[in-house]
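# Topology and contacts: notes
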Amino acid sequence: MEHVIPKWISKSARDAVPGINQTSVILDADGTPLRTVGQKFGDVTVKCVCTTCNTGWMSKLETSVKPVLLPLVLGTDEFVVVLDEQQQADLAAWVMKTVMMFSFTLPNEFHSTIPAADYAHLYRYRRLSTRRMTARAFHLLVPGHGTAGEVLFEAKVGKSVNPRGFIGFLRLGHFGVQVYSMRLPGDTRLCEFAEFPNVKPLWPPVARWVWPPEQACDEAMLKALTEDGTAFPVGTRKKR
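This text gives an overview of the structure that appears in the document. (Residues numbered from 1 in each chain as written. Predicted model: local features only at pLDDT ≥ 70, side-chain atom pairs only at ≥ 80, totals over all residues. Heavy atoms only, no water.)

### Structural notes on the environment of E195
With respect to the helices and strands, E195 occurs in the loop between β10 (188–190) and β11 (199–203). Ignoring anything within four residues of it in the chain, the contact list for E195 reads K200 and P201. (Helix = DSSP H or I, 4+ residues; strand = E, 2+ residues; numbered from the N terminus. Contact = heavy atoms within 4.5 Å.)

Right under this line is the structure:
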């Protein structure tokens, strides 16, 4: 049994931010939100992971991101996070793994939203594809901050039709990540996301990744970037 959100970060976040709720967003096959389900933060588990993986490579991946993940989640402005390329690869892979685990908390008909090839890729390489996957990170404000309705965790998974693939989003406190995985011809690759004052590309990696960005991203900006047509990487390009 695997916790969708690790116990250690659940406990740390609960201690630091009282009154936390978790919001699971149930999507239709075309990505339309159907309903939300409130649960206690960090209490959700899935049974889709074998013991070997849970205590093996997935545990190692979680250990690798542990030193930097909590400062990202809590949004401590006085703490600057600097990641090298390997640390970016581990963080992006951890986000993808978490989105995959979240998808198994949804009804059975949603379990195929993420293609089997993406699970196989992550299992084999322990990182995202630099050709057909991309991710960007958001420095977020927490909805309902300081109230009993505070939302610290939110995840969404939806299908993309053209090109075929899936789009995932994970919010952990002040840190949010949107991941794309697309089926592309072998001679093309997905372009990277553009950088905004409150958004930074996370994958593919760069030589030096510095967090936080210049500004925080409010809910209106987040919606505009992820839901109103400006969410997509700028097309595809031929491989060099």
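So, next bit.
### Here we look at unusual backbone geometry
Of note, the amide linkage connecting W203 to P204 takes the cis form, showing an omega dihedral of 0°. Between W211 and the following residue, P212, the backbone shows a cis peptide bond with an omega angle of 10°. Inspection of the secondary structure puts P212 in the loop between β12 (209–211) and α6 (219–226).

### Focus: the packing of aromatic side chains
Taken as a whole, this structure holds six aromatic pairs when the rule is applied. Centroid distance W57 to Y123: 6.3 Å. Interplanar angle 75°. Geometry classified as edge-to-face. Separated by 66 residues along the polypeptide, W57 in helix α3 (residues 57–74) and Y123 in helix α5 (residues 116–125) bring together distant segments of the chain. On the basis of an interplanar angle of 10° and a centroid distance of 5.1 Å, the ring pair of W209 and W211 is categorised as stacked. With relative accessibility at 1%, the residue W209 sits in the buried group. Here the aromatic residues F175, W209 and W211 are joined through ring pairs into a cluster of three or more. The ring of Y123 carries R126 above its face, with NZ or CZ at 5.1 Å from the centroid. (Phe/Tyr/Trp six-rings, centres within 6.5 Å; stacked < 30°, edge-to-face > 60°. Buried < 20%, exposed > 50% of the residue type's maximum accessible area, 1.4 Å probe, protein only. Lys NZ or Arg CZ within 6 Å of the ring centre and 35° of its normal.)

### Considering the pairing of strand β6 (residues 133–139)
Burial analysis of β6 places seven of its seven residues in the buried class, which makes it a mostly covered element. Residue alternation in β6 divides its side chains into two sets, M133, A135, A137 and H139 and T134, R136 and F138, and both sets are buried. Direction of pairing for β6 relative to strand β9 (residues 175–182): antiparallel, over a ladder of seven bridges. Within β9, the position partnered with H139 by the bridge is F175. Looking at chain direction, β6 and β11 are connected through four bridges and run antiparallel. Within β11, the position partnered with A135 by the bridge is W203. (Pairing = 2+ DSSP bridges.)

### With respect to the environment of D90
Structurally, D90 can be placed in helix α4 (residues 85–103). Excluding its chain neighbours within four sequence positions, the residues that come into contact with D90 are L61, S64 and V65.

### Quick notes on the pattern of salt bridges
This structure, assessed with the given rule, holds five salt bridges. With its nearest N and O atoms 3.1 Å apart, the salt bridge here joins D118 to R183. With D118 in helix α5 and R183 in the loop between β9 and β10, this residue pair connects regions lying 65 residues apart in the sequence. The buried category is assigned to D118, whose relative accessible area is 1%. Within this structure, E154, K156, R171 and E219 form a network of salt bridges that share partners. (Salt bridge = Lys/Arg side-chain N within 4 Å of Asp/Glu carboxyl O.)

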